[in-house]
Amino acid sequence: MLTIKRIPTLVSIYQDTVDRPGCERSCLGMCCIPGAKLPVYAFPGTSSKDHLSDSDDCIPDAGGDLFLNEVILAQWEERLSRGLFRYDVTTCETKVLPGDFGFIAQLNEGRHLKKRPTEFRVDQVLQPFDSKKFNFTKVGQEEVLFCFEMSTSEGSGYSERMVVGDSPNVVVINVSPIEYGHVLLVPKLQDCKPQRMDQESLRLAVNFAAEAKNSSFRVGYNSLGAFATINHLHFQAYYLAVPFPVERASVKKIASSKKPGGVKIFELTDYAVLGLVYESNGVLEELADCVSQACIALQDHNIPYNVLISDCGRRIFIFPQCFAEKQALGQVDPDILDTQVNPAVWEISGHIVLKRREDYESATETNAWRLLAEVSLSSERFTEVKEMCVNASLKEESASFQLELLEVEMKHFSPKVTSGKGNRIAAKGLLSDAFAEDCCA
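As the structure is a computational prediction, the values presented were derived from the model and not from experiment.

About the cut-offs
- For every chain, the first residue of the written sequence is number 1, and numbering continues from 1 onward in sequence order.
- Local features in a predicted model are, by the rule used here, given only for residues with pLDDT of at least 70; side-chain atom pairs are given and counted only at 80 or more, and totals for whole chains, interfaces and linings are based on all residues.
- Excluded from the side-chain calculations are hydrogens and water; all other atoms, namely the structure's heavy atoms, are used.
- Here a strand pair is declared whenever DSSP counts at least two bridges between the two strands.
- Numbering goes from the N terminus for both helices and strands, where a helix is a DSSP run of H or I of at least four residues and a strand is a run of E of at least two.
- Angles here are taken between N-to-C directions and fall from 0 to 180 degrees, while the axes themselves are lines fitted to C-alpha atoms, restricted in helices to the stretch in contact.
- Helix span is expected to be 1.5 Å times the residue number reduced by one.
- Here's how the labels work: a residue is buried when its accessible area is under 20% of the maximum for its type, exposed when over 50%, partly exposed in between, all with a 1.4 Å probe on protein chains only.
- As used in this structure description, the phrase polar contact means that two N or O atoms lie within 3.5 Å; if the pair is within protein, one of them must be able to donate a hydrogen and the other to accept it, and residues adjacent in sequence are counted only when both atoms belong to side chains.
- To be clear, the arc concerns the directions from the helix axis to the C-beta atoms.
- Note on definitions: a residue-residue contact is assigned when non-hydrogen atoms from the two residues lie within 4.5 Å.
- Should an angle lie under 35 degrees it is considered roughly parallel, over 145 roughly antiparallel, and from 65 to 115 roughly perpendicular; all remaining angles are considered oblique.
- A crossing counts as left-handed when the near helix is turned anticlockwise from the far one by less than a right angle, and as right-handed when that turn is clockwise.
- Under the scheme applied, nonpolar residues are Ala, Val, Leu, Ile, Met, Phe, Trp, Tyr, Cys and Pro; charged residues are Asp, Glu, Lys and Arg; polar residues are all the others, including Gly.

Draft legend 1. Examining the sheet that holds strand β5 (residues 104-107) more closely. Strand order in the open sheet formed by three strands is β4-β5-β18, with mixed pairing between adjacent strands. If you trace the sheet from one side to the other, it starts and ends with β4 (93-96) and β18 (351-354), each paired once. Each neighbouring strand pair of the sheet contributes to a mean axis angle of 20°, computed without reference to strand direction. Across four bridges, the pairing between β5 and β18 is parallel.

Draft legend 2. Broad picture of helix α2 (residues 199-212). Over its 14 residues, α2 extends 20 Å from the first C-alpha to the last, a length consistent with the 20 Å expected when each residue adds 1.5 Å. Of all 14 residues making up α2, 11 are buried, and the element is well covered by its neighbours. Ser201, Leu202, Leu204, Ala205, Val206, Asn207, Phe208, Ala209, Ala210, Glu211 and Ala212 are the residues of α2 that are buried. The opening residue of α2, the one whose side-chain oxygen lies 3.2 Å from the backbone nitrogen of Glu200, is Asp198. Positive phi shows up at Lys213, right after α2, with a value of about 55°.

Draft legend 3. Molecular detail of the pairing of strand β11 (residues 217-222). Judged by how many residues are buried, β11 sits mostly within the fold: six of six residues are covered. Relative to strand β16 (residues 305-310), β11 is paired through four bridges, and the arrangement is antiparallel. Across the sheet, Tyr221 pairs through a bridge with Val307, a residue of β16.

Draft legend 4. Region of interest: helix α8 (residues 365-373). Within α8 the residues assigned to the buried category are Glu365, Ala368, Leu371 and Leu372. Axial view of α8: buried residues confined to an arc of 125°, hence all on one face. Contacts from the buried residues of α8 go to α4 (323-328), α5 (334-338), α6 (345-349) and β18.

Draft legend 5. Up close: the packing of helix α3 (residues 284-300) against helix α9 (residues 379-393). Put simply, α3 and α9 touch, their axes get as near as 7 Å, and they point 130° apart. In terms of their interaxial angle, α3 and α9 are classed as oblique. Considering how the two elements wind past one another, α3 and α9 form a crossing that is right-handed. Between α3 and α9, the residues in contact are Cys290, Gln293, Ala294, Ala297 and Leu298 and Val385, Met388, Cys389, Ala392 and Ser393, respectively. Taken together, the residues that form the contact of α3 with α9 break down as eight nonpolar, two polar and no charged.

Coordinates in, geometry out; function isn't part of it.
Here's what the structure looks like:
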């Protein structure tokens, strides 16, 4: 058994109280959730009336393109004003590192906890859910921004108080945020699913990214063994006003689907971490289904991985990784470990969160590249994993698709230095010149 020791990130104000007997508050457990009234955001689609009924008092979208965006921001800033976060992330120093890729370094001393490290198993991607450990049923209802449910009508809608089902999809704050608007999406909360990707949950996450209609809003996922520390199925999301470096990397097209959605599969060609990129301008559910099959293949083969959902749900990156395994085997340089950077989805994508000022002040593109190079699979191993993922994604078309060798240069942006304030502006739809082109048009 391979394990590493790391200090767990506090994502809930009640995370240190999970061992206390009884519930003396409004939580999301079965002791409190039945009959509870919570805010509900309804996104377009068809669903059973277990989610929303036509008689619910739901405020419709008045025609604006940023309806979910506005709801997230209003609710998140209200929780900020109530002091529910451990620190004000909008005051954290941030800079874009000089170089070809524009890696983003942030000094976030608030995330550094003077606590004893916890031992995490890193050689088993699929682990059973353990109700005795912290999970999102322990979260207080005051940490919930809203439930995110499929509507029975064509449009979006929002209700400030509605009786929810026994197992809603909830969006909660991360009390140790990395960036402005940092939230967690927990699918089917009371189903108590372990951190294991499935088709329905990825569809939900893609809808979440698409419904925000804001290019600066991305959704991420970490598997166990790839720096997920809570074994309760969840995604993360936040706003960042500049492109992630991986979004600017060159790619090579390797396969495509012949279905109407036209999903195309690429591999990164000039980035520190080898990975796959899935794209579609068609039906997002088909894109989500292709990606989920690849993720299922990875976890079934015990390969840790991270996922980034970008461009309003139209581009999805998959990064198989091995950093935690190398760390457990003593194969990572001690000076890299001393930075206490845990290379999860945001770091792999190029947003490096540093906990010590000396690391922030000495940060360079070379240092960022050196860290991420420890994350990546070898080229030989990645070739095997790539073939497995493509076959899983296109298994119904395995006899007809052909691998392609067409190299495609992704559009390069000129990154600008931003800050918490800059991300707040971008989140509200006033994107910087570097990100002015709206991918959701």
